[in-house]
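These are the residues of each chain, in order.
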Amino acid sequence: MVHAVASLPLQESEDIVSDEAFFDPFAGLLGQNTPSDDLWLGKAAPRYTSYPPATAFQEDLTTENYRGVLEGLSPEEPISLYVHIPFCQKLCLYCGCHTSPTQQHDPVDRYLHTVHRELENLATMSPRSRRISHLHFGGGSPNIMSEKDLGLMIGAMARRFDLSSTQEIAMELDPRLITKAQARVLGMAGITRVSLGIQDFDEDVQEAIGRVHSFEQIAKSCYLLREAGIEKINFDLMYGLPKQSPLSVAKTARLASSLTPDRIALFPYAHMPHVKKHQKVLEQFVLPGPHAALAMERAARAILREDGFIEIGMDHFARPSDSLTKAKETGKLRRNFQGYTDDTASTLLGVGASSISQTTDFYFQNACDIDDYAQHISKHGLATTRGLHLSSEDKFRADIIQELMCTLSVNLEKICTKNNFSVSTLAESLEALEPFEKAGLIQRDGYKIKLLTAHRMAVRVIASVFDTTQHDDKTPVSRTV
Ligand SMILES: C[S@@+](CC[C@H](N)C(=O)[O-])C[C@H]1O[C@@H](n2cnc3c(N)ncnc32)[C@H](O)[C@@H]1O
Ligand code: SF4
């Protein structure tokens with residue numbers, strides 16, 4: 001069954017959007033907001049960091065299946081690694097990531113011990129596939145690791161895998177934890193790119209979302225990182241948060257841009273208090289509704305464009321010299337579990353609690369709970385608890401959705417030919433696109449579909465027209481804006 005737009009799973013937004021919680025002074029008032037926005041604004045759809053989305057994973061895949069796939073990996077092809085560190089010093093009230101707060105080092109230490117065992121097992125089970133294309137540490141806040149732990153982690157990677165042709169070693173950082181000593185260790189360890197969570201520079205917004213840091217603190221972090229030889233710096237910004245306005249978000253975008261980051265991710269706040277209970281606290285404030293949030297997104301986008309950033313996909317901005325811009329220009333832009341990337345490796349192995357591995361034919365997800373994860377590793381050596389064996393139709397639809405998410409356009413005929421599917425398979429999806437075409441959100445030329453750039457935030461809803469997976473009611477799917 002195709003999710004026609006009218007039957008998109010609005011469940012979640014209906015769950016989360018109580019009329020009292022959201023305020024939309026911009027509904028119908030803004031010149032830029034057109035009736036066509038009403039076709040998608042406020043609707044829920046997956047972020048399509050994979051297709052099928054993780055919400056469609058099943059519990060019938062085991063560590064044995066994963067082991068079999070690891071053993072069969074080709075020695076010629078490089079793989080990428082993602083390591084998840086699910087700890088932060090304090091939980092930010094908006095946070096939707098898989099993480100837990102801790103002030104102690106012990107839980108982090110115990111967890112890292114398990115991660116080292118998993119890495120060792122992966123290296124033993126895939127002995128021929130050691131060449132690493134991209135290495136990414138995400139979280140949580142990986143820089144909660146002590147300097148010694150950071151050194152040990154990278155050292156262990158270098159011993160177990162071949163990093164000699166690795167294009168990028170990236171790490172997500174909580175800027176509030178960055179010190180001169182930490183920046184030096186990261187530089188010496190060979191980290192080439194870091195992403196700093198910023199979200200917003202406005203003090204009232206920061207106070208409301210429980211995440212306070214000054215502009216000077218971020219400026220100093222950037223200075224320390226650059227001084228340590230880390231040249232590539234990304235920022236995360238967010239809109240749709242309490243106390244924000246288009247003007248305040250535009251000011252944040254300008255301040256962020258003044259620190260000359262290489263990339264900026266501009267995320268819509270995903271409010272899912274039924275899954276992330278701590279987010280409920282934010283309902284004491286009035287949360288911006290979809291029209292207000294879209295006005296914020298457009299205000300920030302205008303600033304970033306004016307400051308010379310190139311728009312990448314639906315929510316990224318990069319300097320013209322950045323590798324993401326080059327990937328866009330050369331048709332090599334991809335989307336994986338970390339978002340937009342220039343990593344073209346077809347195998348990504350996820351390490352740590354909740355991490356997802358992706359191979360040509362499978363997705364495997366590790367146990368999400370930290371204790372479950374540790375038990376799985378000690379009992380089975382690996383921690384797979386769910387995943388998916390991709391059918392040929394899944395791969396076909398994944399190609400369509402990937403192309404749409406990366407280029408905001410798709411040549412359906414080409415993808416049908418490549419995957420050996422008839423265009424008639426897409427009849428229902430094409431019918432579901434008609435209202436979008438009539439409203440001028442997309443242009444159709446035969447089987448070529450193009451989303452107009454001004455409407456790029458509609459891409460998740462457009463992509464969902466090609467999504468035949470079933471999402472159950474418990475799984476988190478957030479509002480697109
Ligand atoms: C792992 S954090 C970044 C590193 C570090 N933990 C920090 O916050 O500075 C990843 C990013 O996800 C984004 N994020 C977290 N919760 C979100 C939510 N509910 N909706 C949208 N984006 C969210 C934020 O922009 C955040 O910076
Ligand atoms: S936003 Fe970053 S620092 Fe804050 S709780 Fe989430 S992962 Fe941790």
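Residues numbered from 1 in each chain as written. Chains lettered and ligands numbered in written order. Predicted model: local features only at pLDDT ≥ 70, side-chain atom pairs only at ≥ 80, totals over all residues.

**Focus: the overall build of the protein**
- In terms of helices and strands, the protein carries 15 helices and 21 strands.
- In terms of overall dimensions, the protein is globule-like: its C-alpha atoms have a radius of gyration of 22 Å, near the 23 Å expected for 481 residues.
- With the principal axes as the frame, the protein shows a C-alpha extent of 55 × 55 × 40 Å.
- Burial statistics for the protein: of 481 residues in total, 49% are counted as buried. (Helix = DSSP H or I, 4+ residues; strand = E, 2+ residues; numbered from the N terminus. Rg over C-alpha atoms; globule rule 2.2 N^0.38 Å. Buried ≥ 20, exposed ≤ 12 C-beta atoms within 10 Å, placed from the backbone.)

**Remarks on the site of ligand 1**
- Taken together, the neighbourhood of ligand 1 is formed by 18 residues, with Gly96, Gly197, Asp236, Phe267 and Ala270 sitting nearest.
- Those elements that provide at least two residues to the shell around ligand 1 are strand 5 (132-139), strand 7 (193-199) and strand 8 (232-239). (Near = placed C-beta within 6 Å.)

**What to know about unusual backbone geometry**
- Put simply, Tyr51 and Pro52 share a cis peptide bond, and its omega is -10°.
- Structurally, Pro52 is set in the loop between strand 1 (22-23) and helix 2 (63-71).
- The peptide bond linking Gly139 to Gly140 adopts the cis configuration, its omega dihedral lying at 20°.
- Checked against the element boundaries, Gly140 lands in the loop between strand 5 and helix 4 (147-160).
- For Tyr48, which is not glycine, the phi torsion reads 50° and is therefore positive.
- Within the element layout of this structure, Tyr48 appears in the loop between strand 1 and helix 2.

**Details of the packing of helix 12 (residues 392-407) against helix 13 (residues 412-419)**
- Axis separation between helix 12 and helix 13 bottoms out at 10 Å; the angle between their running directions is 150°. Accordingly, the angle class assigned to the pair helix 12 and helix 13 is roughly antiparallel. Of the two elements, helix 12 crosses helix 13, and the hand of that crossing is right-handed. Contacts from Ser392, Lys395, Phe396, Asp399, Ile400 and Glu403 of helix 12 reach helix 13 at Leu412, Ile415, Lys418 and Asn419.
- Class assignment of the residues belonging to the contact of helix 12 with helix 13 gives a composition of four nonpolar, two polar and four charged. (Axes fitted to C-alpha atoms, helices over the stretch in contact; angles between N-to-C directions. Parallel < 35°, antiparallel > 145°, perpendicular 65-115°, else oblique. Left-handed = near helix turned anticlockwise from the far one by under 90°. Contact = placed C-beta atoms within 7 Å. Nonpolar A, V, L, I, M, F, W, Y, C, P; charged D, E, K, R; others polar.)

**A look at the sheet that holds strand 19 (residues 409-411)**
- In space, the three strands of this open sheet follow the order 19-21-20, with antiparallel pairing throughout. The sheet is open, and its two edges are formed by strand 19 and strand 20 (442-445), each paired on a single side. Averaged over all pairs of adjacent strands, the angle between strand axes in this sheet comes to 10°, irrespective of strand direction.
- Of the pairings in the sheet, the one linking strand 20 to strand 21 (residues 448-451) comprises four bridges and is antiparallel in character. Counterpart to Arg444 in the pairing with strand 21 is Ile449.
- Those strands touched by helix 13 are strand 19 and strand 21, and its axis lies near 50° from that of strand 19. (Pairing = 2+ DSSP bridges.)

**Some thoughts on the domain arrangement of the protein**
- For the protein, the assigned domains read domain 1 (5-50 + 392-464) and domain 2 (54-351).
- The straight-line distance from the C-alpha centre of domain 1 to that of domain 2 is 26 Å. (Domains from an automatic or database assignment.)

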